[in-house]
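What follows is the residue order along each chain.
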Amino acid sequence: MAMRFDGRVAIVTGAGGGLGREHALALARRGARVVVNDLGGARDGSGGSATAAEAVVAEIESAGGEAMANAASVTDAAAVQAMVGAAMDRWGRIDILVNNAGVLRDKTFAKMEMEDFRFVVDVHLMGAVNCTKAVWDHMREANFGRIVMTTSSSGLYGNFGQSNYGAAKMALVGLMQTLSIEGAKNDIRVNCLAPTAHTRMTEDLGARLPLELLGPEMVTPGLLYLVSDDAPSRCILAAGAGGFERAYVTLTQGAWIAGDDAPEQVAARFAEISDRAGEIVPEMGAAQGFTELTKAQAAHKG
């Protein structure tokens, strides 16, 4: 059966262009009513205008859908609360939140100003926190919610010149891991999407990427699944050029080491500690301690 969102209300941040625009248009085509949020600033976060968001709303409405534009900065918690309030006043519910808004201020760490580090973390991480906090109680009361954090391979695996961006993007994975646990009893499913797409955010990589294969529309099918009724939770879905993969944070079986020469043993047995045979995907952070205590107890019994 076709995936539909009839009766659902979605907020998509950073939806004035690129990935966000594709997400908003696709949700609207499949029946959702959409809040199109976009500050309308430059790629580095400067400036602002509602024009981009209004243009996407016009596209949705011309195709027979329902949408409303919003130009709040996701870093402004009060403005975000007002955006959520406006959606509740108009439609009475919020079912889906896509945290997509972002900025870039790339430089090597040696050359980066701390203000640029803080600003990128504020937009990506705290912007997602602000939006999620604003919808969280509404979703809990409805016993339904679908939230997606937009992470990145730069956070999962690192990327030269993006210490600020990578730190923020990996932080979103940690946020997702915990919120998916806390939201489970109210059917709030929280996931991460790690896209590869040709957008304003990646235009400087053009010479290195086959841009004709990397349209943002190739990522959006993954987003639609992550916000559907049958969505998973605690998933890191990677998507780009029609390829879809899943990333995991894993834990090896490791080794038990103690004694005065423990540092030397760690060095000597580091390959064993790193061996991925039998690695696990922990259900929660406590799994690390449980794994370590299990090894300790087995060693003492021996």
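Structure shown above.
Values in this document were obtained by computation on a predicted structure and should not be read as measured data.

About the criteria used
Residues numbered from 1 in each chain as written. Predicted model: local features only at pLDDT ≥ 70, side-chain atom pairs only at ≥ 80, totals over all residues. Heavy atoms only, no water. Helix = DSSP H or I, 4+ residues; strand = E, 2+ residues; numbered from the N terminus. Rg over C-alpha atoms; globule rule 2.2 N^0.38 Å. Buried < 20%, exposed > 50% of the residue type's maximum accessible area, 1.4 Å probe, protein only. Phe/Tyr/Trp six-rings, centres within 6.5 Å; stacked < 30°, edge-to-face > 60°. Lys NZ or Arg CZ within 6 Å of the ring centre and 35° of its normal. Expected span 1.5 Å × (residues − 1). Right-handed = clockwise from strand over helix to strand, strands pointing away. Pairing = 2+ DSSP bridges. Polar contact = N/O pair within 3.5 Å; in protein donor to acceptor, adjacent residues only side chain to side chain. Contact = heavy atoms within 4.5 Å. Core = buried A, V, L, I, M, F, W, Y, C linked by side-chain atoms within 4.5 Å. Axes fitted to C-alpha atoms, helices over the stretch in contact; angles between N-to-C directions. Left-handed = near helix turned anticlockwise from the far one by under 90°. Nonpolar A, V, L, I, M, F, W, Y, C, P; charged D, E, K, R; others polar.

## Things to note about the overall build of the chain
On a plain count of helices and strands, the chain comes out with 10 helices and 8 strands. A compact globule built from 302 residues should have a C-alpha radius of gyration of about 19 Å, and the chain, at 21 Å, falls within 12% of that. Projected onto the principal axes, the alpha-carbon positions of the chain cover approximately 70 × 45 × 35 Å. By the burial criterion, 44% of the 302 residues in the chain qualify as buried.

## Remarks on the packing of aromatic side chains
Across all of its chains, the model carries 1 aromatic pair by this definition. Considering the side-chain rings of Phe109 and Phe117, the 6.3 Å spacing of their centres and the 80 degrees angle between planes classify their relative orientation as edge-to-face. Taking NZ or CZ as reference, Arg8 lies 3.8 Å from the ring centre of Phe144, over its face.

## Some details on unusual backbone geometry
Phi at Asn143 is positive, roughly 55 degrees, even though this residue is not glycine. Here Asn143 lies in the loop between α4 (114-142) and β5 (145-150). Of the residues examined, Asn143 reaches a relative accessible area of 42% and is grouped as partly exposed. In this model, Arg234 sits at a positive phi of 65 degrees, which is unusual for a non-glycine residue. Tracing the backbone shows Arg234 in the loop between α7 (220-226) and β7 (236-240). Given the relative accessible area of 22%, Arg234 is considered partly exposed.

## With respect to the environment of Gln162
Of note, Gln162 is situated in the loop between α5 (153-157) and α6 (163-183). Relative accessible area serves as the criterion here: at 9%, Gln162 is assigned to the buried category. Separated by 31 residues in the primary sequence, Gln162 and Cys131 place their C-alpha atoms 24 Å from one another.

## Examining helix α10 (residues 286-301)
Between its terminal C-alpha atoms α10 stretches 23 Å, which fits the 22 Å expected from 16 residues at 1.5 Å a residue. Within the span of α10, buried status applies to Ala287, Thr291 and Ala296.

## Points about the pairing of strand β1 (residues 9-12)
The side chains of a regular strand alternate between both faces of the sheet. Both faces of β1 are covered, namely the face carrying Val9 and Ile11 and the face carrying Ala10 and Val12. Between β1 and its parallel partner strand β2 (residues 33-37), the chain crosses via helix α1 (residues 18-29), and the hand of that crossover is right-handed. Bridge count between β1 and strand β4 (residues 96-99): 3 bridges; the pairing is parallel. Bridging from a neighbouring strand, Ile11 pairs with Leu97 of β4.

## Notes on the side chain of Arg146
As for its position among the elements, Arg146 is in strand β5. Within the local environment of Arg146, its side chain forms a polar contact with the backbone oxygen of Ser228, the two atoms lying 2.8 Å apart. Ignoring any residue separated from it by four or fewer positions in sequence, one finds Arg146 in contact with Asp95, Ile96, Leu97, Met139, Asp187, Arg189, Leu226, Val227, Ser228, Asp229 and Ala231.

## Here we look at the nonpolar core
Formed by 41 residues in total, the largest nonpolar core has its most connected members in Ile11, Ile147, Met149 and Val190. Secondary structure elements with two or more residues in this core: β1, α3 (77-91), α4, β5, α6, β6 (188-195) and β7. Here this core gets 10 residues from one element, more than from any other, and that element is α4. In contact with Met149, other than residues within four places in its own chain, are Asn99, Ala128, Thr132, Leu172, Leu175, Met176, Leu179, Val190, Asn191, Cys192 and Leu193. Core analysis: the second largest hydrophobic core is formed by 31 residues, Ala10, Val12, Ala28 and Val34 among them.

## Examining the packing of α3 against α4
At a minimum axis distance of 9 Å, the contact between α3 and α4 shows a crossing angle of 40 degrees. Handedness of the crossing formed by α3 with α4: right-handed. Residues Ala77, Val80, Gln81, Val84 and Met88 of α3 pack against Asn130, Cys131, Ala134, Val135 and His138 of α4. In terms of residue class, the contact of α3 with α4 is made up of 7 nonpolar, 3 polar and no charged.

## Re the pairing of β6
Counted residue by residue, β6 has 7 buried out of 8 residues, so it is predominantly covered. The sheet contact formed by β5 and β6 spans 6 bridges and is parallel. Residue pairing in the sheet places Ile147 in a bridge with Val190 of β6. Note that β6 and β7 share 4 bridges and pair parallel. Along β7, the bridge assignment pairs Cys192 with Ile236.

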